[in-house]
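Okay, here's what each chain looks like letter by letter:
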Amino acid sequence: MGLINTPKLKAFFLISGGENNINTGEFHHSIHHFTGLVQTCNIDTTVEKSLPDDSQSRSYNLIFIDLYHCTWGDVIPLAIQKTIHNVRTIFFNAPKNKFDEKKLLLSGLAGIFYLNDRLDIILRGITKLQKNERWFKRETMNSALNELLKKERRPSLLTALDPKRLTHLPSLTRRENTIIGLVSSGAKNQEIADQLHISPNTVKTHLYSIFRKTSSRNRIELISWTLNYAVTIY
């Protein structure tokens, strides 16, 4: 089941949401099952019952947080919120209907796996994470995207800014600003290509550059960055 030609990642596992009321020998079998599947996907794993400090956490590509014995309810502890902000963080062994998936996605979580997820579902999700993608239900992704598109909607969000404001953007070109405006309106790659009379591959090249300059990993993060930027400059 191992993935071929995939750069090896390092993953940290926080067992039981950081709760210290269990012994290593009492770990639920699903923890061993899940970490074993991650290891088969060419990912190094470290398992602990407390979070690493900031400097240590940044040495990991992924941080998985086990929710099987978790008792902190639907309010995520500040330490875990901070981890979500700093490192790609994923919940696993999550009980069904405990969390609002869209809220987790918009808060920056990279994915969620549920207790008793099928083997093929888990492996598919791990593969997505290795590709720097997120792992949520399709309807959650669509709902979050629609919410971001509606929130603080302004016509021609970035292209409407005056030249002085445009100079404050992080080294974006005029074409990149235009593409951000189209992405924020919900346009797909082919639609952007048709409107700008360029190829879809050229659109992808521009998007890679935009993601890098705005520290965004996907369209949702880019739209969120766009809205936050627009809010701060108006």
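For the structure, see preceding data.
Residues numbered from 1 in each chain as written. Predicted model: local features only at pLDDT ≥ 70, side-chain atom pairs only at ≥ 80, totals over all residues. Heavy atoms only, no water.

(A) Local environment of the side chain of Asp117. Here Asp117 lies in the loop between strand E5 (111-114) and helix H5 (119-130). Despite its burial, Asp117 remains without a salt bridge, the nearest opposite charge being carried by Lys96 at 4.3 Å. Engagement of the side chain of Asp117 in a polar contact is seen with the backbone nitrogen of Tyr114, the distance being 2.7 Å. Apart from residues lying up to four places away in sequence, Asp117 is in contact with Lys96 and Ile122. (Helix = DSSP H or I, 4+ residues; strand = E, 2+ residues; numbered from the N terminus. Buried < 20%, exposed > 50% of the residue type's maximum accessible area, 1.4 Å probe, protein only. Lys, Arg positive; Asp, Glu negative; His and termini not counted. Salt bridge = Lys/Arg side-chain N within 4 Å of Asp/Glu carboxyl O. Polar contact = N/O pair within 3.5 Å; in protein donor to acceptor, adjacent residues only side chain to side chain. Contact = heavy atoms within 4.5 Å.)

(B) Geometry of helix H10 (residues 200-214). If you check H10, its first and last C-alpha atoms are 21 Å apart, about what 15 residues at 1.5 Å a residue would give, namely 21 Å. Those residues of H10 not exposed but buried are Val203, His206, Leu207, Ser209, Ile210, Phe211 and Thr214. Positioned one or two residues after H10, Ser215 has a phi angle of 55 degrees, which is positive. (Expected span 1.5 Å × (residues − 1).)

(C) Molecular detail of unusual backbone geometry. One non-glycine residue, Asn93, lies in positive phi territory at about 60 degrees. Structurally, Asn93 can be placed in strand E4 (residues 88-94). The exposure class of Asn93 is buried, given its relative accessible area of 5%. For Ser215, which is not a glycine, the phi torsion comes out positive at approximately 55 degrees. Following the sequence through the fold, Ser215 ends up in the loop between H10 and helix H11 (219-233).

(D) Region of interest: the environment of Leu123. Note on placement: Leu123 falls in helix H5. With 86 residues separating them in the primary sequence, Leu123 and Leu37 have C-alpha atoms 7.2 Å apart.

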